[in-house]
Structures are given as C-alpha cells and as structure tokens.
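# Report on the structure
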Amino acid sequence: MSKNKRRMIEMNIIDELEWRGAIYQQTDEEGLRKWVEEKQISLYCGIDPSGDSMHIGHLIPFMILRRFQNAGHRPIILVGGATGTIGDPSGKKEERQLQSMEQISKNVESLRVQLGKIFDFEGDSAASMVNNYDWTKDVSILDFLRDYGKEFNVNTMLSKDIVASRLEVGISFTEFAYQILQAMDFNHLYEFNDCRLQIGGSDQWGNITAGLDLIRKKQGENAKAFGLTIPLLTKADGTKFGKSEGGAIWLNPEKTTPYEFYQFWINTDDRDVVKYLKYFTFLTEAEIAELAKQVETEPHLRAAQKTLAAEMTKFVHSEEALEQALKISKALFSGDVKALTADEIEQGFKDVPTFVAEDAEVNLVDWLVTLGIEPSKRQAREDVGNGAIYINGERQQNLEKIMDASDRIENKFTIVRRGKKKYFLVSYK
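In this text, all values refer to a predicted model and were calculated from it rather than measured experimentally. (Residues numbered from 1 in each chain as written. Predicted model: local features only at pLDDT ≥ 70, side-chain atom pairs only at ≥ 80, totals over all residues. Heavy atoms only, no water.)

## Observations concerning the pattern of salt bridges
Here is the rule we go by: Each reported salt bridge corresponds to a side-chain nitrogen of Lys or Arg within 4 Å of a carboxyl oxygen of Asp or Glu. The numbering of helices and of strands both runs from the N terminus, where a helix is a DSSP run of H or I of at least 4 residues and a strand a run of E of at least 2. Note on exposure labels: buried denotes an accessible area under 20% of the residue type's maximum, exposed denotes more than 50%, and partly exposed covers the range between, all computed with a 1.4 Å probe on protein chains only.
Following the criterion strictly, the structure yields 24 salt bridges and no others. Note that Arg 33 and Glu 29 form a salt bridge whose closest N and O atoms lie 3.4 Å from each other. Taken as a pair, Arg 33 and Glu 29 lie in helix α3 (residues 29–38) at a separation of four residues, close to a single helical turn. One salt bridge connects Asp 194 with Arg 196, and the closest N-O pair in it is separated by 3.1 Å. Given a relative accessible area of 39%, Asp 194 falls into the partly exposed group.

Spelled out as structure tokens, the structure:
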C-alpha cells in the first residue's frame, strides 16, 4: 500500500469528507468526530423506491456511506418500502402520484440489485440492507398516533423547510406525516441496529433532526446520535448535477448503457472535473492533485475526465463494461465499426437515426433511397461516387454494389456513415 493511500485511510473520515467538500451540516461535529475515532459505528442513508432505478444523483449520499465503510464503519442501506408509499415532500411543488404496492415492491427489488453492487456485504464492516416496511406494516393508526404522533409538535413540524415550502400551495396530511415515518426509521435503527448516524442530502436536514428528537424522547436524553448532510451538487453553469440533454443518467444499464454512462462523465466540464473526482472516486489526495495539475497545464488531453469516466464506469458497472465502453469509443473515433459486436452497436448507436430494411439483396443506391438515408437517386449516386458513403466503416464507391447478408454485423445491423460524422443504423426484419 502506498504511503499516500495509507495516510488517506488513517485520516479521520470527517477530515476526509471535509477535504472532498462533502459536508454541508452536522448536528454535533465535535461529538461525531470523536465518536468515529474511538469506535466503529453503524450509520444509514435511505432511498425511497419511487422508480425502478437509481440515477447518478442518488449516488451522492451513497458514495459517502461507502467512504464510511472503507474507513471501517458499518453502513445500513434503507430502501423505503413504507415511506415510498407516501413520498418525501422535499423538493416537490405538488403532491406526488401514489404508486401501487405491487409497483413499489418491484421497485424495491430493482434497487436492491443496484445497491448490492455498490457496497461490500462481507467482513468486519459488512453492509446491511433493510426495508422500513418490515417495522411499519403492523403499526396500527392508534399505535401511530399514541406512540409517535404524540411526540411531535405541529408548530415544529410546520417550521421545517420541507413543509414550510409547501404551505402556500398546500400539503396533504399524508406528506406532512412523512417526517414522522422517517424519524421512526432512525429510532428503530438506533434501538435494534445500534445505528448512530444518519446522512442525507441538504434537503433532508429537517427529517434527520426530527429523528434525533424522537430518539432522545424514546431512548433518553443521553442517547448519542448524529446527523450529517451533504451539499447540493451543482455544475459550473449553475444547473443541477445529474441531468443531460437526454434526461437522467440511470444506473440501470438498460436505461443508460455503460457506453452512455461513460460518455456522460468524460464530457465533464473542466471547471467541474476536480470536484467530481473528489465526490465520486476513491482516488487519493495526491492522485487528484496530479490530475488537477493536468487540467491546468494540458486540458486538451482530458486526463482527469478519462480517469473520472473510467473509475465511475468500473464502480457502477464493471471492468468489462468499461472495456466495452472504451472499445465503442475507439471504434467511433477511428471509424472501424466493423470490430464491434451487435450488443456494442446497440449501445454506441442508440441515439442515431435508425431504419429497418427488408431481408433482401438490393442495389446500394436503391437501398439508400428506399430507407430514406438519401433523398434521391441522384444524390445517392453522387455521394457514393464521391466516396462519402461508408458501409460498416468501409468506403463504398461502386454504384453497382449489391447489399446482402455479408454487409450485416452478426446478421443484425449495418452501419452507414455519410461524410465524416453522420451515422445511420439499419436493422433487418
């Protein structure tokens, strides 16, 4: 182990998080710092199954949870099978559409698979995964009101940012009560899992402090528990992190392919890349400092972006997925697309114009016009004759060329390029 990596491991986890710019608020900074120095702690972060996949914005708190695990602490990942039936009002301008219990259960299982790839579930600091539906499903309405509702002051609840921001347009009792359910989670995990710390985004401060208040009321004034929030991550242009022109960047490879995932990170702005390296990778301070220097001195090489993209693709998907993304990138850059497999073509050409051709032998010029790649036979002949048409990366200038099965990759696709960069994907009936 290198000297610098050993120093990073020996550094107090709170110091490391501060260096990475990953702390926004703490309920008791001195107390937590001392606690993590003296003993191994259990800590948790939750996610509600509002969808069947996490996006990269969800990674922000879970990367912090994983850093605690790397420092020897025990992470608890809470998937909110109960709270997900209501929905956190935080950040919402109106009531959300409630999902069926069946859909929520499916979402829970999908998230379990994704979260299972991020954490280590073996060893002294093994992670555990819990579902708050397990301890709330049998709580009756009377038990809820007597045992928990009585502990919450409505005036205090109204003052929380997540509620106050909704008062003008209105908020249902259902979403108003969300903070009670999340407080119940923290209290339950404190009592039965010895959980001492909850982490979350900056918008979760009110929910976290509600949990700490409930713990003190239920477990005694001397109960030691802490809260930590992470700053809102924005891009240099002021927009919210995690969005692209095509929408959210998902962790599910069927929604965002590993190649698209890799491309998102490699296109990071120079002004953001060092910040993202600190937030999302496990590189050391010295390694990131070296990359930051290269951003300043050799930005055209994009070494920091390439490292960020590689680290994130490996972490979320796999080494194999990274190799595939690199292969696709290289093929598209060089034009040597014939080396790609059908699966790699589906990833790399997901967003190019796509056409469906008949399974027949057809003259190239007629084929291009019939599909709509060329507007007319005259234009098609001109482009073919001038060498502007490439089939699977190879220039075709023969006007008598017959398109047949030999022009298909794995008998599924033909890639047409017109000019330097205009690609078309052809599949077959």
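The rest of the description comes next.
## Some remarks on the sheet that holds strand β12 (residues 394–395)
Definition in use: Any two strands with at least two DSSP-identified bridges between them are counted as paired.
Taking strand neighbours across the sheet as the criterion, the five strands line up as β9-β15-β14-β11-β12 in an open arrangement whose pairing is mixed. Looking at the sheet topology across the chains shown, the edges are occupied by β9 (354–357) and β12. When β9 meets strand β15 (residues 422–428), the two strands line up parallel, connected through four bridges. Bridging from a neighbouring strand, Val 356 pairs with Ser 427 of β15.

## Digging into unusual backbone geometry
With a phi angle near 50°, Arg 302 is a residue other than glycine that sits in the positive phi range. Relative to the helices and strands, Arg 302 resides in the loop between α15 (285–297) and α16 (303–316). Phi at Asn 392 is positive, roughly 50°, even though this residue is not glycine. Mapped onto the elements of the fold, Asn 392 is located in the loop between β11 (389–391) and β12.

## Considerations on the nonpolar core
Definition in use: Side-chain atoms within 4.5 Å link the members of a nonpolar core, which is a set of buried Ala, Val, Leu, Ile, Met, Phe, Trp, Tyr and Cys residues.
Formed by 62 residues in total, the largest nonpolar core has its most connected members in Trp 265 and Phe 280. Counting residues per element, this core draws most heavily on helix α4 (residues 56–70), at eight residues.

## Here's the deal with the UniProt feature "domain: RNA-binding S4" (unreviewed entry) in the protein
The line we're drawing: UniProt positions are given in the numbering used here, feature names are shortened, and annotations may be inferred rather than shown by experiment.
The sites that carry the UniProt feature "domain: RNA-binding S4" (unreviewed entry) are, in the present numbering, residues 362–424. Split by type, residues 362–424 is 27% helix and 29% strand. Its first and last C-alpha atoms lie 17 Å apart.

## Section: the sheet that holds strand β3 (residues 74–79)
Pairing in this open sheet of six strands is mixed, and the strands run β1-β6-β5-β2-β3-β4 from one edge to the other. Edge positions in the open sheet fall to β1 (25–26) and β4 (128–131), since each of these has one partner strand only. Judged from the two bridges that link them, β1 and strand β6 (residues 226–230) form a sheet pairing that is antiparallel. When the sheet's bridge partners are listed, Gln 25 is paired in β6 with Thr 229.

## So, helix α12 (residues 205–219)
Cut-off, in case you're wondering: The length a helix should cover is 1.5 Å for every residue beyond the first. The contact rule is simple, with two residues in contact once any of their heavy atoms fall within 4.5 Å.
When the terminal C-alpha atoms of α12 are compared, their 21 Å separation across 15 residues agrees well with the 21 Å that a helix rising 1.5 Å per residue should span. Residues of α12 that are buried include every one of Gly 206, Asn 207, Ile 208, Thr 209, Ala 210, Gly 211, Leu 212, Leu 214 and Ile 215, and no others. Looking at the buried side of α12, the elements it contacts are α7 (141–148), α9 (161–164), α11 (178–193), β5 (195–201) and β6. Trailing α12 by a residue or two, Gly 220 shows a phi angle of about 110°, which is positive.

## Quick notes on the environment of Glu 382
Relative to the assigned elements, Glu 382 resides in helix α20 (residues 377–385). Owing to a relative accessible area of 39%, Glu 382 belongs among the partly exposed residues under this scheme. A C-alpha to C-alpha distance of 9.5 Å links Glu 382 and Leu 399, two positions 17 residues apart in sequence.

## Comments concerning the pairing of strand β2 (residues 42–47)
For clarity, the cut-off: A right-handed crossover is one whose linking path, passing over the helix from the first strand to the second, runs clockwise when the strands point away from the viewer.
For β2, the buried fraction is high: five of the six residues fall into the buried class. Judged from the six bridges that link them, β2 and β3 form a sheet pairing that is parallel. Each bridged residue has a counterpart across the sheet, and for Leu 43 the counterpart in β3 is Pro 75. Handedness of the β-α-β unit built from β2, α4 and β3 comes out right-handed. Looking at chain direction, β2 and β5 are connected through three bridges and run parallel. Directly across from Tyr 44, in β5, lies its bridge partner Gln 198.

## Here's the deal with the pairing of β3
Most of β3 sits out of view: five of its six residues are buried. Relative to β4, β3 is paired through four bridges, and the arrangement is parallel. Looking at the pairing, Leu 78 lines up with Val 130 of β4.

## Side note on the confidence of the model for the protein
Regions with low pLDDT should not have their predicted coordinates read in detail. Filter applied, for reference: Values of pLDDT, the confidence the predictor places in each residue, fall between 0 and 100.
When pLDDT is averaged across the protein, the result is 90; 95% of the residues are at 70 or more. At the level of individual helices and strands, the protein shows its lowest average pLDDT in helix α1 (residues 3–10), which scores 45, and its highest in α16, which scores 97. Per-residue pLDDT stays below 50 along residues 1–9; that stretch engages in 14 contacts with residues further than four places along the chain or on separate chains.

## Concerning the UniProt feature "binding site: L-tyrosine" (unreviewed entry) in the protein
Our working rule: As used in this structure description, the phrase polar contact means that two N or O atoms lie within 3.5 Å; if the pair is within protein, one of them must be able to donate a hydrogen and the other to accept it, and residues adjacent in sequence are counted only when both atoms belong to side chains.
If you check UniProt for "binding site: L-tyrosine" (unreviewed entry), the listed places come out as Tyr 44, Tyr 178 and Gln 182 in our numbering. With respect to the helices and strands, the residue Tyr 44 is situated in strand β2. Judged by relative accessible area, Tyr 44 falls into the buried class, the value being 2%. Those residues in contact with Tyr 44 that sit more than four places away from it in its chain are Leu 65, Ile 76, Leu 78, Gln 182, Asp 185, Phe 186, Leu 189, Cys 195, Leu 197, Gln 198 and Ile 199. In this fold, Tyr 178 is placed in helix α11. With sequence-adjacent residues up to four places away left out, Tyr 178 is seen in contact with Asp 48, Thr 83, Ile 86, Gly 87, Asp 88, Pro 89 and Asn 207. Side chain to side chain, Tyr 178 and Asp 48 meet in a polar contact 2.5 Å long.

## Description of the packing of α4 against helix α14 (residues 270–280)
Each pair of packed helices gets described by two things: the angle between the helix axes and the distance between those axes. Rules: Between N-to-C directions, angles cover 0 to 180 degrees, with each direction set by a line fitted to C-alpha atoms, over the stretch in contact for helices. An angle below 35 degrees is read as roughly parallel, one above 145 as roughly antiparallel, one from 65 to 115 as roughly perpendicular, and any other as oblique. The classification used treats Ala, Val, Leu, Ile, Met, Phe, Trp, Tyr, Cys and Pro as nonpolar, Asp, Glu, Lys and Arg as charged, and all other residues, Gly among them, as polar.
At their nearest, the axes of α4 and α14 sit 9 Å apart, and the two run at 55° to each other. Classified by the angle their axes make, α4 and α14 are oblique. Counting all contacts with α4, which are made through Ile 56, Leu 59, Ile 60, Met 63 and Arg 67, the residues of α14 involved are Lys 278, Tyr 279 and Phe 280. A per-class count over the contact of α4 with α14 returns six nonpolar, no polar and two charged.

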